[in-house]
Amino acid sequence: MTSQLTLTESGPAAGRPVLVLHGGGGPLTVAPVAEHFAATAHALLPTHPGWNGAPRPADLTTVGDLAAAYLRLLRERRLSDVLVVGSSLGGWIGAELAAADTEGLISGLVLVNAVGIEVDGEPVRDFFSLDARGVAEHAYHDSERFYVDPATFPAERVAGIQANMAALRVFSGGPAMSDPTLRARLAAVTVPTLVVWGESDGIVTPAYGKAFAAAFPDARFATVPEAGHLPHLEQPTRTFALLDAFAAETGRH
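These notes cover the structure that comes with them. Just so it is clear, the model here is predicted, and its values are computed rather than measured.

1. Points about the packing of helix α2 (residues 63-76) against helix α3 (residues 89-100)
Where α2 meets α3, the axes come as close as 8 Å, and the angle between the chain directions of the two elements is 60°. For the crossing formed where α2 meets α3, the hand is right-handed. Across the interface between the two elements, V63, L66, A67, Y70 and L71 from α2 touch L89, W92, I93, E96, L97 and A100 from α3. Considered class by class, the residues forming the contact of α2 with α3 number 10 nonpolar, no polar and 1 charged.

Okay, here's the thing in structure tokens:
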């Protein structure tokens, strides 16, 4: 299975492995994170099966399946001291990956505006019900800066977005964007964890993020002002400062 994974690698081969996991918008949404780490580390940026034309085997249908595939990748590549950074759905995959890592291959976990758990009174907004304007207004602090009228897109891009949304629906299970068993299982994750949240996120609230952080035995919660669901795009300097400090604390070498 891992031989079928679509993977982009950058940075020094001898550097600390940093696995960067994208959300529903695809790998472009986290490419700046991988590029940032590639200056000093070995960044691995997969395209999840089903996104951007990457093949998805019929038996790969859950976030747990994705996490298992990436754990096999780490094992087969003999990677250790891995820093996992996951955005949105990628954070959910990262949490599952850390929960399944019984060999201690991962030495740090970063969740950026992640989904995946259930929090009473703080439901994940139904992303599938939003049009492009609605996505911009809920996902960004500065929606005007990031909104693009889809009527201006070529047909291929529209088809690609639709295919990505179809893949997101398969893995997320629909609008709930959660696994009711995940929150309790995070109590067994002992790896240091940083939960980063854009303060203006209208998809998943900071209160949801605080509950996510509280589910881990060793996690801290940090907010990024003037940023929404993708703080690394809206406020890269502030976000990367948090990630760099955490990476320096958790690296074993």
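Still to come is the rest of the account.
2. Regarding the sheet that holds strand β7 (residues 219-224)
Spatially, β1-β3-β2-β4-β5-β6-β7 is the arrangement adopted by the 7 strands of the open sheet, whose pairing is mixed. Each end of this open sheet is capped by a strand with a single partner; those strands are β1 (6-10) and β7. Averaged over neighbouring strand pairs, the angle between their axes works out to 20° when direction is ignored. The sheet contact formed by strand β6 (residues 193-198) and β7 spans 6 bridges and is parallel. Bridging from a neighbouring strand, T193 pairs with A219 of β7.

3. Considerations on the layout of surface pockets
Empty space among the atoms becomes apparent when a probe as large as a water molecule is rolled across them. Considered as a void within the structure, the largest pocket measures approximately 1,300 Å³ in volume. Forming the boundary of the largest pocket are 40 residues, of which G25, T29, F127, V135 and I161 lie nearest the centre. With 8 residues, helix α6 (residues 155-172) is the single largest residue contributor to the lining of the largest pocket. Split by residue class, the lining of the largest pocket holds 26 nonpolar, 12 polar and 2 charged. Empty space within the second largest pocket amounts to approximately 150 Å³. Along its surface, the second largest pocket is lined by A98, A99, D101, G104, I106, R185, A188, V189, T190 and V191. A breakdown of the residues in the lining of the second largest pocket according to their chemical character gives 6 nonpolar, 2 polar and 2 charged.

4. Remarks on empty space enclosed by the protein
Under the criterion given, the structure shown has 1 cavity of 30 Å³ or more. Roughly 30 Å³ of volume is contained in the largest cavity. Lining the largest cavity we find V30, V33, V85, S87, V112, H232, T239 and L243. Among the secondary structure elements, those contributing two or more residues to the lining of the largest cavity are β4 (82-87) and α10 (236-250). For the lining of the largest cavity, the per-class residue count stands at 5 nonpolar, 3 polar and no charged.

5. Brief notes about the pattern of salt bridges
Tallied over the full model, the rule gives 8 salt bridges. One salt bridge connects E9 with R77, and the closest N-O pair in it is separated by 2.7 Å. Within this pair, whereas E9 is found in strand β1, its partner R77 is found in the loop between α2 and β4, the two being separated by 68 residues in sequence. Note that R238 is salt-bridged to E226, the shortest N-O span being 4.0 Å. Taken together, the residues span a long stretch of sequence, with R238 in helix α10 and E226 in the loop between β7 and α9 (231-234) at a distance of 12 residues. Residue R238 is classed as partly exposed on the basis of its relative accessible area, which comes to 36%.

Analysis parameters
- Residues numbered from 1 in each chain as written.
- Predicted model: local features only at pLDDT ≥ 70, side-chain atom pairs only at ≥ 80, totals over all residues.
- Heavy atoms only, no water.
- Axes fitted to C-alpha atoms, helices over the stretch in contact; angles between N-to-C directions.
- Helix = DSSP H or I, 4+ residues; strand = E, 2+ residues; numbered from the N terminus.
- Left-handed = near helix turned anticlockwise from the far one by under 90°.
- Contact = heavy atoms within 4.5 Å.
- Nonpolar A, V, L, I, M, F, W, Y, C, P; charged D, E, K, R; others polar.
- Pairing = 2+ DSSP bridges.
- 1 Å grid on protein atoms, 1.4 Å probe; cavity = no way out; pocket = protein on both sides within 12 Å on 5 of 7 lines; lining within 4 Å.
- Points joined across faces, edges and corners; volume = space filled by probe spheres on them.
- Salt bridge = Lys/Arg side-chain N within 4 Å of Asp/Glu carboxyl O.
- Buried < 20%, exposed > 50% of the residue type's maximum accessible area, 1.4 Å probe, protein only.

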